[in-house]
Amino acid sequence: MNDAATATLDATALQTWLNDQGITATSLVVKPVTGGASNLIYFVQTDHGAYALRRPPLVSNDPTSNNLLREISLLRALAGTNIPHTRLVAACESADVIGAPFELLEWHAGFTAKDPLPSPFDRDPSARQAMAFELVDALSTVSNADWRAIGLESFGKPEGFLERQVDRWLGQLDRYRTRDIAGLDDLAAWLRANTPTMQRAGLVHGDYQFINVMYDATLPVKLSAIVDWESATIGDPLLDLGWMLSSWQEPGEPETFATYIGWHDFPSRRLLAERYENATGLSVEKLGYYMALSMFKLGVIMEGAYTRFVKGRSTHPAHAQMETGVPMMIQRGLDFSQKY
């Protein structure tokens, strides 16, 4: 293992744990894949094959964020569904082995929709359109899941879900707020005054977007796994659609905060929303509310990252950019409140 991986987990302890799980690891290779801004992910090679190991970040933005234990329980529930996901192989719910809970997942070949995309996805308009349709179709399987039947009755509190959102996120912001954010109070007031009635409760991923799904590397286009479920709950499934489409870039709009992919050759928000509506039976009439709420929520979350930077607990460049990024998200939310 290299030094970065050694700094965050004990390879000897991991090797012993793997062997105890029946995953023979007479030789072990561990390499960091990503890290710093969210959960840490490692490539793990054993005698049995390759896996992905996920553990929480070294420093959390907020005590309620990055709850890997919830993700572990959710992945166990998803095992018998048609929702595309990475299979949970084993999990350690204590911090005794590597200093934090962790999960071991099947290693998933393919790519995440982040530039540079592999050929032909980087230039083929039909392939890029199919990526977007697969994205919304996979979300429909999440929204349509029978969450009670798969054992998630106590996974969330759907009653009053939308009514709680503004106070829930303002309460989190109060724990680390260091500045006034232009437009925040106006957006909060609009959301309170325009809260729709939830049509039905459903499974909510909580961070549904291109960078949290994986595609097969070859044609035909296939979304083969939804990843990063630590924010999942039971609530209003339309919030996932709003979250996904709030980052969408359409011609003539100001540049989105989601600059990880070029936004050309993708279908419009309206076309994707209609496709979702047809697949789920959920009306998208109030889509503007869900996109505005998504921007409000994301702005609060990323203000936590900015606070870490201001207080010297982070040097991540993306956190520094939230000085202007968070106000932009709040303004984007206000724009959605007026346009949809």
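As a reminder, the structure under discussion sits directly above these lines.
Keep in mind that what you see is a predicted model, and the values were worked out from it rather than measured.

Looking now at the overall build of the chain. When its secondary structure is counted, the chain shows 11 helices and nine strands. Here the chain has a C-alpha radius of gyration of 20 Å; the compact-globule value for 340 residues is 20 Å, and the two agree. For the chain, the spread of C-alpha atoms along the three principal axes comes to 60 × 45 × 40 Å. Here the chain holds 340 residues, and the buried ones make up 51% of them. Residue pairs at least 24 apart in sequence account for 70% of intrachain contacts in the chain once pairs closer than 6 positions are excluded. Total accessible area computed for the chain in this model is approximately 14,900 Å², and 50% of it derives from carbon and sulfur atoms.

The element helix H7 (residues 238-246) is extensively covered by neighbouring structure, given that nine of its nine residues are classed as buried. Inspection of H7 places Leu238, Leu239, Asp240, Leu241, Gly242, Trp243, Met244, Leu245 and Ser246 among the buried residues, and these make up the whole buried set. In this fold, the buried residues of H7 make contact with helix H4 (125-143), helix H5 (161-174), strand S6 (202-204), helix H8 (269-280), helix H9 (287-310) and helix H11 (322-339).

Position of Glu230 among the secondary structure elements: in the loop between strand S8 (223-226) and strand S9 (233-235). A polar contact of 3.2 Å, which involves the side chain of Glu230, links it to the side chain of Asn39.

The subject of this paragraph is unusual backbone geometry. Cis peptide bonds are those with omega within 30 degrees of zero, and the linkage from Ser119 to Pro120 qualifies with 5°. Along the polypeptide, Pro120 turns up in the loop between strand S5 (102-106) and H4. The omega torsion across Leu219 and Pro220 is 0°, close enough to zero to call that bond cis. Relative to the helices and strands, Pro220 is located in the loop between strand S7 (213-215) and S8. Positive phi outside glycine occurs at Asp228, with the angle close to 60°. Even without being a glycine, Asp265 presents a positive backbone phi close to 70°. Within the fold, Asp265 resides in the loop between H7 and H8. Since its relative accessible area comes to 34%, Asp265 is described here as partly exposed.

As a further point, take the pattern of salt bridges. With the rule as written, the count across this model stands at 11 salt bridges. Linking Arg54 and Glu71 is a salt bridge whose minimum nitrogen-to-oxygen distance equals 3.0 Å. Linking Arg54 in strand S3 (residues 49-55) with Glu71 in helix H3 (residues 68-78), this pair joins segments that are 17 residues apart in sequence. Like Glu71, Arg54 is buried.

Calculation criteria
- Residues numbered from 1 in each chain as written.
- Predicted model: local features only at pLDDT ≥ 70, side-chain atom pairs only at ≥ 80, totals over all residues.
- Heavy atoms only, no water.
- Helix = DSSP H or I, 4+ residues; strand = E, 2+ residues; numbered from the N terminus.
- Rg over C-alpha atoms; globule rule 2.2 N^0.38 Å.
- Buried < 20%, exposed > 50% of the residue type's maximum accessible area, 1.4 Å probe, protein only.
- Contact = heavy atoms within 4.5 Å.
- Areas by Shrake-Rupley, 256 points an atom, 1.4 Å probe, with all protein chains shown as cover.
- Polar contact = N/O pair within 3.5 Å; in protein donor to acceptor, adjacent residues only side chain to side chain.
- Salt bridge = Lys/Arg side-chain N within 4 Å of Asp/Glu carboxyl O.

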